[in-house]
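Coordinate analysis (summary)
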Amino acid sequence: MKTYLVTGGAGFIGSNFVHYMLKKYNDISLINIDKLTYAGNLENLKAVENDPRYMFVQGDICDKALVEKLFKDHDIDFVVNFAAESHVDRSIREPEVFVNTNVLGTVTLLNAAKNAWEIKDGFKEGKKYLQVSTDEVYGSLGETGYFRETTPIDPHSPYSSSKAGADLVVKAYFDTYKFPINITRCSNNYGPYQFPEKLIPLLINNCLNKKLLPIYGDGLNIRDWLYVEDHCKAIDMVINGGRFGEVYNVGGHNERTNIHIVKTVIDYINKNVDSAVTENLIKYVEDRKGHDRRYGIDPTKIREELGWEPETDYEAGIVKTIKWYLGNKEWMDRVTSGEYTKYYEKMYEAK
Ligand code: NAD
Ligand code: TYD
């Protein structure tokens, strides 16, 4: 019986991970600590809220006393740190909160885990801290080449630099104390429960409401898209099989330009939902500051060492995703009410 401390489990990837793990394993227990920022939503976890293997704690990963108490009250085996401020555009507007949660929150978790797991000459058996990081720490690629685990870190946005800072602290805990860690660096995820400030759910939501689809710059920036469940599968494999101290890149060779994504979403909605949704909704807007041009992951290491392979290709994944949002319009309406609307109206006015 393993006990997982999942942080940020009410967000997009964290909630998918909670569902994935509780479906896959009977003999685990899972504690989810989440601050419930605008990006966290307990509705994502409605189906498991009464599951005896699952427990929710509302709280901040920067709250040292609370995090230490969790380790005191529970024999935690694995920490999976998803909690983060995760949106690049927001990080450009308000960087401080990114450093606070992404860097200081990570140190708080590391320290509490280290204190709880430390024994004479090392750490208790079977424990691990996994940092969920991102390919964005590597910076931006030219037209060729891929990010490997050995690619130097070169982040450009306040978001990616705060994630890179956290990765370096995690690495330092291994280098200095031999504290058992892994870091995963995944490419862009898509799928159910993603907050509609990120490209794909934003496009779906705007299409359904016949709002303009803002494309930054020339629309030719490239992201390497991975269906969220394939990321969850990778994290599970790294927790259970990753070598201590190692970084694992996660990606499925699904590179697409942003304009390609936009046209796929429009095309699906035009043919299946509303023929009035056309490319006329596309609006090219001012480019994002410091906009990374291309991300592309080389997943050779996780494939060869752990046997990870993605199961959902982009064509199937994007249809599954659009259908999920179509079937969950109330979820979309609820998360896009209030603060969201005000934020986006201000942002579009500024462009
Ligand atoms: P998200 O923004 O959807 O969710 C983040 C969650 O963390 C929310 O539930 C939020 O309430 C919670 N949170 C924020 N600050 C907190 C704090 N101080 N204490 C406790 N909880 C807090 O993000 P996501 O897209 O699910 O990303 C999860 C993780 O995966 C992040 O670390 C992100 O850097 C990483 N990642 C994301 C992607 C992607 O494409 N979304 C790709 C690679 C890696
Ligand atoms: P995003 O989903 O914010 O992820 P990230 O910046 O972490 O890769 O954006 C994905 C790509 O889409 C990125 O190149 C920026 C672009 N983009 C737009 O063109 N318009 C938008 O409204 C958004 C949110 C993103």
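Conventions adopted
- For every chain, the first residue of its written sequence is number 1, and the numbers climb from 1 along that sequence.
- All chains are assigned letters beginning at A, and all ligands numbers beginning at 1, according to the order in which they are written.
- Residue-level local features of this predicted model are given only where pLDDT is at least 70; pairs of side-chain atoms are given and counted only at 80 or more, and the full residue set underlies all totals for whole chains, interfaces and linings.
- The side-chain numbers reported here are obtained from all heavy atoms of the structure, hydrogens and water having been left aside.
- A molecule or strand has a residue near it when one of that residue's heavy atoms lies within 4 Å.
- Side-chain atoms alone can form a polar contact between residues adjacent in sequence; in general such a contact is a pair of N or O atoms within 3.5 Å, and within protein one must be able to donate a hydrogen while the other accepts it.
- What sets the accessible areas is the Shrake-Rupley method with a 1.4 Å probe; for residues, cover comes only from the shown protein chains.
- Secondary structure elements are defined from DSSP: runs of H or I of at least 4 residues count as helices, runs of E of at least 2 residues count as strands, and each element is numbered from the N terminus.
- We call Asp, Glu, Lys and Arg charged. Ala, Val, Leu, Ile, Met, Phe, Trp, Tyr, Cys and Pro are nonpolar, and the rest, Gly among them, are polar.
- By this definition, two strands are paired if DSSP reports at least two bridges between them.
- Fitted lines through C-alpha atoms serve as axes, helices being fitted only where they are in contact, and the angles separating the N-to-C directions of these axes extend from 0 to 180 degrees.
- Residues count as neighbours in contact if any of their non-hydrogen atoms are within 4.5 Å of one another.
- Working definition of a nonpolar core: buried Ala, Val, Leu, Ile, Met, Phe, Trp, Tyr and Cys residues. They are joined through side-chain atoms within 4.5 Å.
- Relative accessible area decides the class of each residue, using a 1.4 Å probe on protein chains only: under 20% of the type maximum gives buried, over 50% gives exposed, and in between gives partly exposed.
- Should an angle fall under 35 degrees it is called roughly parallel, over 145 degrees roughly antiparallel, and 65 to 115 degrees roughly perpendicular, with every other angle called oblique.
- Less than a right angle of anticlockwise turn of the near helix away from the far helix marks a crossing as left-handed, whereas a clockwise turn marks it as right-handed.
- Pairs were defined over the aromatic rings of Phe, Tyr and Trp, the Trp ring being its six-membered one, requiring ring centres within 6.5 Å. Orientation was assigned from the angle between planes: stacked under 30 degrees, edge-to-face over 60, tilted for the rest.
- Charge-over-ring placement is defined geometrically: NZ (Lys) or CZ (Arg) within 6 Å of the ring centre, and within 35 degrees of the ring normal.

Structural notes on the site of ligand 1
Near ligand 1 you find 29 residues, and of these Ile13, Asp34, Ser86, Tyr159 and Lys163 are the closest. One of the side-chain nitrogen or oxygen atoms of Ser86 is found 2.6 Å away from an oxygen atom of ligand 1. Contact with the protein chains covers 97% of the free accessible surface of ligand 1, which is 840 Å². Residue assignment for the shell around ligand 1 shows that the elements contributing at least two residues are helix H1 (12-24), strand E7 (128-134) and helix H5 (158-177). It is E7 that provides the largest number of residues to the shell around ligand 1, a total of three residues. Per-class residue counts for the shell around ligand 1 are twelve nonpolar, twelve polar and five charged.

So, the site of ligand 2
Glu136, Pro214, Arg223, Arg288 and His291 are the nearest of the 17 residues found near ligand 2. Take Tyr216: an N or O atom from its main chain is 2.9 Å from an oxygen atom of ligand 2. For ligand 2, whose unbound accessible area comes to 510 Å², protein coverage reaches 97%. Its residues assigned to classes, the shell around ligand 2 shows seven nonpolar, five polar and five charged.

Brief notes about the sheet that holds strand E2 (residues 28-34)
Within the open sheet, the seven strands sit side by side as E3-E2-E1-E4-E7-E8-E13. Their pairing is parallel. Only two strands of the sheet have a single neighbouring strand rather than two, namely strand E3 (54-58) and strand E13 (247-250). The sheet shows a mean angle of 20° between the axes of neighbouring strands, taken without regard to direction. Direction of pairing for E2 relative to E3: parallel, over a ladder of five bridges. Paired with Asn32 across the bridge in E3 is Phe56. Lying on the sheet, helix H4 (residues 95-117) is in contact with strand E1 (2-7), strand E4 (78-81) and E7; it crosses E7 at an angle near 165°.

Thoughts on the nonpolar core
Judged by nonpolar contacts, the single largest core of 32 residues is most densely connected at Tyr4, Phe17, Leu30 and Val80. Of all the elements in the fold, those that place two or more residues in this core are E1, H1, E2, E4, E7, helix H7 (228-241), E13 and helix H9 (300-306). If we ignore the near neighbours within four places in the chain, the residues touching Phe17 are Val6, Val80, Phe82, Cys232, Ile235, Asp236 and Ile239. In terms of nonpolar packing, the next biggest core, distinct from the first, is built from 31 residues, Ile33, Ile76, Val247 and Tyr295 among them.

Looking at the packing of helix H6 (residues 199-208) against helix H8 (residues 258-272)
At a minimum axis distance of 10 Å, the contact between H6 and H8 shows a crossing angle of 40°. By the angle between their axes, H6 is oblique relative to H8. Helix-helix and strand crossings are classified by hand; for H6 and H8 the assignment is right-handed. Contacts between H6 and H8 pair Leu199, Ile200, Leu203, Ile204, Cys207 and Leu208 from the former with Asn258, Ile261, Val262, Val265, Ile266 and Ile269 from the latter. Here the contact of H6 with H8 is built from residues that sort into eleven nonpolar, one polar and no charged.

Focus: the packing of aromatic side chains
Inspection of the entire model under this criterion finds 20 aromatic pairs. Measuring from centroid to centroid gives 5.2 Å for Tyr38 and Phe195, while their planes differ by 75°, and the two rings are edge-to-face. Of this pair, Tyr38 sits in the loop between E2 and E3 while Phe195 sits in the loop between strand E9 (189-190) and H6; the two residues are 157 residues apart in sequence, bridging distant segments of the chain. Ring centres of Tyr190 and Tyr227 lie 5.6 Å apart, and the angle between their planes is 70°; this geometry places the pair in the edge-to-face category. Here the residue Tyr190 occupies a position in strand E9, and Tyr227 occupies one in strand E12 (residues 226-227), the gap between them amounting to 37 residues. As far as burial versus exposure is concerned, Tyr190 and Tyr227 are alike and both buried. The aromatic ring of Tyr295 is capped on one face by Arg223, whose charged end is 4.0 Å from the ring centroid. Stacked on the ring of Tyr248, the Lys or Arg Lys301 has its end atom at 4.9 Å from the ring centre.

Quick notes on the side chain of Ser15
Within the secondary structure, Ser15 sits in helix H1. When its relative accessible area of 0% is taken as the criterion, Ser15 is described as buried. Separated by 3.1 Å, the side chain of Ser15 and the backbone oxygen of Phe12 make a polar contact.

Without other data, these values stay purely geometric and don't point to any function.
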